[in-house]
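What follows is the residue order along each chain.
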Amino acid sequence: MLEIKNLRVRLRVEGEPRTVIHDTSFTIGAGEAFGLIGESGSGKSMTARAVARLLPEGAECTGEIAFAGKPVLALKPDELRRYRVDDVAMIFQDPRASINPVRTVGDFLTEAARTNFGMRRREAEDKAVALLAEVGIADGGRRLKQHPHQLSGGLLQRVMIASALMGDPKLLLADEPTTALDVTTQSEVMGILNRLRAEHGVAMLFITHDLELAGAVCDRIGVMYAGSIVETLSSDALHEAARHPYTQGLLTSRPSLTATTRRLPVIPGKPLSAFEAPGGCAFAPRCAHVIAQCRESGPEFVDGVRCHRVGELS
Amino acid sequence: MTAIALPRTAAGRTGIVALGVVLLLALVGLLAPWLAPHDPNEINLMDAFQGNSATHPLGTDASGRDLLSRLIWGARSSLAGPLLVVVLATVLGVAIAVASAWRGGWLDAVVSRCVDVLFAFPGVLLAILVVALFGAGLTVAVVALAISYVPYIARLVRSAALREQAQPYITALTIQGVGGFAICRRHLIPNLLPLILAQSTLTFGYAMVDLAAISFLGLGVQPPTADWGVMVSSGQPSILQGFPQESLYAGALIVVVVAAFNLLGDRLDEWTR
Amino acid sequence: MTPILEAQGLRKTFGGNVAVADVSFALARGGSLGIVGESGSGKTTTARMLVGLEVPTQGRILFDGEPLERARSTARRRERARGIQMVFQDPYSSLDRRQTIASCLDEVLRVHFPMSAEQRAARVSELADLVGLDDRMLRGRPGALSGGQRQRVAIARALAAEPEVLILDEAVAALDVSIQAQVLNLLADIRERTSISYILISHDLAVVRQITEEAVVMYQGAVVESGPTAKILDEPQHEYTRRLRASVPGPGWVPGKALASGGAA
Amino acid sequence: MSELGKFLIRKLFGLVATLLAASFVVFGATALAPGDPIAVLTGGRSVDPETIASLRAHYHLDDPFLSRYWQWLTGILHGDLGQSIIARRDVSDLLASRTETTVLLVVYAAVLILAAGITLGIVAALRKGAVDNVIMLGTTAGMAIPSFLTAIVLIVVFATGLGWFPVFGPGDGFTDRLWHLTLPAIALAVSSTALVARLTRAAIREELGKEHVETAISRGIPRRLVVRRHVLRNAMVPITTVSGLTVAGLVVGSLVVERAFSLNGIGAFLIDSVTKSDYPVVQAIVLLLVATFVVLNTLVDVLYRLIDSRIEPGGRG
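Since the model is a prediction, treat every value here as computed from it, not as a measurement.

Caption draft 1: Expanded view of the overall build of chain A. If you tally the helices and strands in chain A, you get 13 helices and 10 strands. Compactness check: chain A gives a C-alpha radius of gyration of 20 Å against a globular reference of 20 Å for 314 residues, within 12% of the reference. Each principal axis of the C-alpha distribution contributes one length, and for chain A these read about 65 × 50 × 35 Å. Per-residue burial over chain A gives 55% buried out of 314 residues. Total accessible area on chain A is roughly 12,300 Å²; 50% of this is exposed by carbon and sulfur atoms. Charged side chains of chain A number 37 positive and 38 negative; the gap between the two group centres comes to 4 Å.

Caption draft 2: Layout of unusual backbone geometry. Residues and elements named next belong to chain A. Positive phi outside glycine occurs at alanine 68, with the angle close to 50°. Structurally, alanine 68 can be placed in the loop between β4 (60-67) and β5 (70-71). Unlike most non-glycine residues, aspartate 168 shows phi in positive territory, near 45°. Here aspartate 168 is to be found in the loop between α7 (153-166) and β7 (171-175).

Caption draft 3: Broad picture of the nonpolar core. Phe121, Ile128 and Trp228 of chain B together with Phe148, Phe261, Leu270 and Val286 of chain D are the most contacted members of the largest nonpolar core, which has 150 residues in total. No other element matches the 15 residues that helix α8 (residues 180-216) of chain B contributes to this core. Each of domain 1 (18-77) and domain 2 (92-307) of chain D gives at least three residues to this core. Contacts of valine 286 of chain D, omitting those with residues within four sequence positions, involve Phe121, Leu125 and Leu129 of chain B together with Val26 and Leu270 of chain D.

Caption draft 4: Local environment of the environment of aspartate 47 of chain B. All names here are of chain B. Position of aspartate 47 relative to the elements: it lies in the loop between α2 (32-35) and α3 (67-103). The spatial distance from the C-alpha of aspartate 47 to the C-alpha of threonine 171 is 70 Å, given a sequence separation of 124 residues. When neighbours within four sequence positions are excluded, aspartate 47 is seen to be in contact with His56, Thr60 and Gly64.

Caption draft 5: Geometry of the arrangement of the chains. Considering every one of the 5 pairs of chains in contact, the largest contact total is recorded for chains A and C. When C-alpha atoms are compared, chain C and chain D, though not in contact, are closest at a spacing of 14 Å.

Caption draft 6: Seen up close, the pattern of salt bridges. Under the criterion given, the structure shown has 49 salt bridges over all chains. When the shortest N-O distance is used, the salt bridge between arginine 220 of chain A and glutamate 32 of chain A registers 2.7 Å. Placement of arginine 220 of chain A in strand β9 (residues 220-225) and of glutamate 32 of chain A in the loop between β2 (16-28) and β3 (33-37) is noted, with a sequence separation of 188 residues between them. When salt bridges that share partners are traced, they join Arg158 and Glu188 of chain A together with Glu239 and Arg243 of chain C into one network.

Caption draft 7: Region of interest: the packing of aromatic side chains. Residue and element names in this part refer to chain D. Going through the model one piece at a time under the given rule, you end up with 16 aromatic pairs over all chains. Ring geometry for phenylalanine 27 versus tyrosine 69: centroids 5.7 Å apart, planes at 55°, classification tilted. Of this pair, phenylalanine 27 sits in helix α1 (residues 3-32) while tyrosine 69 sits in helix α4 (residues 65-77), and the two are 42 residues apart along the sequence. Its relative accessible area of 8% is what places phenylalanine 27 among the buried residues. Joined through ring pairs, the aromatic side chains of Phe24, Phe27, Phe65, Tyr69 and Trp72 make up one cluster. Lying over the aromatic face of phenylalanine 269, arginine 98 brings its terminal NZ or CZ to 4.0 Å of the ring centre. Lying over the aromatic face of phenylalanine 7, arginine 305 brings its terminal NZ or CZ to 5.2 Å of the ring centre.

The rules behind the values
- Counting restarts for each chain: residues are numbered from 1 in the order of the written sequence.
- Following the order in which they are written, the chains are lettered starting with A and the ligands numbered starting with 1.
- The predicted nature of this model means local features are confined to residues of pLDDT at least 70 and side-chain atom pairs, given and counted, to a pLDDT of 80 or more, with totals for whole chains, interfaces and linings taken over all residues.
- As a rule here, side-chain values cover all heavy atoms of the structure and leave hydrogens and water aside.
- Under the DSSP-based scheme used, a helix requires at least four consecutive residues in state H or I and a strand at least two consecutive residues in state E, with every element numbered from the N terminus.
- It is over C-alpha atoms that the radius of gyration is taken, and the globule rule equals 2.2 Å times the number of residues to the power 0.38.
- Accessibility here uses a 1.4 Å probe with only protein chains present; expressed as a share of the type maximum, an area under 20% marks a residue as buried, one over 50% as exposed, and anything in between as partly exposed.
- The protein chains shown are the only cover counted for residues, whose accessible areas, like all others here, come from Shrake-Rupley with a 1.4 Å probe.
- Note on charges: Lys and Arg go in the positive column, Asp and Glu in the negative column, and His and the chain ends are not counted at all.
- Where a charge sits is defined by one atom per residue type, namely NZ (Lys), CZ (Arg), CG (Asp) or CD (Glu).
- As used in this record, nonpolar core signifies buried Ala, Val, Leu, Ile, Met, Phe, Trp, Tyr and Cys residues forming a set joined through side-chain atoms within 4.5 Å.
- For the domain bounds, the source is a domain assignment made automatically or taken from a database.
- Contacts: residue pairs with any heavy atoms within 4.5 Å of one another.
- A side-chain nitrogen of Lys or Arg and a carboxyl oxygen of Asp or Glu constitute a salt bridge if their distance falls within 4 Å.
- For this analysis, a ring pair means two rings from Phe, Tyr or Trp (six-membered ring only for Trp) whose centres lie within 6.5 Å, classed as stacked if their planes differ by under 30 degrees, edge-to-face if by over 60, and tilted for the remaining angles.
- Distance and angle both matter: a charge sits over a ring if NZ of Lys or CZ of Arg is within 6 Å of the ring centre and within 35 degrees of the ring normal.

Now the structure itself:
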């Protein structure tokens, strides 16, 4: 349904172009959940923004993003608006900043339905209350009259999920939706998001830095490093079949809940953004298996992994 | 601090131009005795209202005084006045703000109440009240205006200081047992400095307008001293006689300086963020 | 052996709000204790009481068996600083952006020890070595460093006063996964080399397991469970601990499974 | 009691406290002043001690300070603003005729500022590029022009030059008055208009960059509705505050403009009284202006609270 090919994004920072997405390709099928994981500066959030065409001003975007065959990057303003109305909905990291603070929760939830589908207020409110019930907010009628500052972060993120589903989208873009929440709240909100997504048959692009979380809620996972996807794999195979040294490193460097090791195996150095990365393989400076070839030429993305030595290592 | 790079953006360049204008005019004021072609106060009624000429490049006023010389000498009080206002108001405002933000408690409460009361007196009004009581003159006007600016600076700096001292690096220093005075002097105030500088620059523009207004009202610098504000005022009767030059030249200089300081302040403000 | 740091019935109220209701624990000399909790659990207020930023409404803190007095004066603060130090969560705001790293470390040495400039310079490079900072970084300002490097500076600064207890307030929470692992290893190395004791304040159970032996779980201002970290995580007794444990994603995890009651507002 | 009620009562209490403190400052400052009021009363002539004594008694100059303050304050609360030393008439009578001119001038200018300033600010914020640049350039210049200079330029161009407007005087009858007050009002409005325009632009630009605006866009709400419902509506909060405070500041700005256009308003009267050391008049006018300023500020605060639902009881934000 969503097909991204050789996506490349450059932002203007203080008048200078900076590559944030180097070369990214992946697909998401109808109803599928795809997790995009990476550390800071990897370009994962920018990928989601590119899909919704919400990149900052002055951003340059090349390559292809096709939604059900529609070329997203070439949509005219009116088509773009219909695309956002009918096809995609986005959920952001900080619900408190993402909901207009001076309007009521009801205004927020019903605005799109009333504006875009011409629903009457009562009708839209009924639908909103029903969706609030689905996200585990029972007293929806009362909540509609409240202002965002009267709700906790966890509740607001549920409101955000309900609002995303108001337009019956086909693809949900979720950008670190639980990062700002407490662990127990994260679990609740993720549970709701996961269940509703499945019930409503909505596909999802899930952006997170938490590999385990992505593994638990997504069908497939793409691991991003320095603006490129270095590996895509099925969630089930995450722990057993990770082939790229970066994916393996991320899995092992995270402390375990069930066992204590004296020292964690680490990836040396720090994560780089696309514009900081050297020529050749971007991960080469941090890779334990680096050979001369890695520094000379960037590996192609072949058979789900981007590594020169994948044949020998896995 | 990082090496100072020349600004690349158009906005940055206007900042540099503004700074150049300000420095140039300040230099003119400093070098007035050497630059001015005539004695600014030399009255020659025979030469009144002359147009531009070789001896009087910008003409003369109603008393036949050389306008160029008066403008050059006028740079002194016109620039020094606002500078004094800014320095006085900033030193007082910052000291009060940092002390009350740092100590908190009753000191902060008392200072906040006093600031609130001072806020009830808009700048020029307080100056007028003080001038009414202590007599007209530049010194009185400068002090009065400075006092009326203190609450604005104090409020701004206090809230910035509160934000800054809530930062963990200040907490870390407190935990280390570094004394409050040392923290304020070595860390808090230096980190507020860019903000203070930007604010002072903007304040200079306001001070210039307000002082000129006070002089215009006849309550600041007293004629016949050459001062741009005074010249705008004393040139006013000449306008009806078809000779607006004195007011307009002096006024134009005020506008240029104020605009330059506003631009500079905006750039500094952006740079601070 | 007397615990190096002990909290007895700590309580802190702000106006009518109870931030910390009742907290007691003991940190063994050379040991490492985790204080686990989510936002609103009172764990940060507890940390602030330990370093003297807040005065407990009730209860007391014993350092090496002696009750700690209220740190009113600068001298008292210094004395406490040589016993207990703290590393903060945010590596960006916990360093003065205008100060070079060397001068930041030097300032702490100057406050605490009567050393000559050369002695201090030598000690600064020793500290830098300990946390893995090179000379170029020492001469630079925080702006030139990455988040992980800054956190190393913050650790070095805390160690400069040669404290017996280091409080790590979510000290690795803001770091990227690969950097977090590096800092966790560093913390383990430092404890091995200096026999310092840690108190780790964290919401991240895996991190707590990695660097602590004992832990207390806080919920709404009170300790609900305490004991050896491994035991708490493997066989959680309190309902809240179980919920917290079940909320952590991992292999075979199903989100929302831990959801016991419909979420509270 | 409702939160709003509590808020209003607290505001009212603060207003009264500030006014009391300000009145004390005004009166106290006058008492501190060097120079002898008797000298003003007698105009510098030598007078026999009995006359001086009777004058001192008449003006209560020998009473203790606090008692004089109390008499003055209670007088004011009863509408007695004291007596002019120079004109030997009640200050309230002297002010009555002059108030109208000043109020009309300030209201006229306020309307101009709000209409032009907010419009320019909105246009500049939403039309990036040439339009924005021109408005920014204009407002940069506008903010740098002192009102007395604007006054002079307006007189030179429109009054003496083109002859479209009268040069001086307040005029008779309402329309004629507006006619006469047009140039003064513009002179008073220019720099404040520029300020309001810039701050409006900044407020809207800031709101445009907010994440909730991005959410609205991502939900496919048409841009003009996003701007109207989310950007302008939210930016109104800071814009109201700034505009309100700017308008309150006009109370003082009018002094200068009245002088430049020789209008017989309160401001001109104040300056006149200052030069003649007519303390009772100075006290009364300063207090009046301060009261107006403080009341307007309080109104702005109340308005702010009414349009921003986020404000929790006990403070802003």
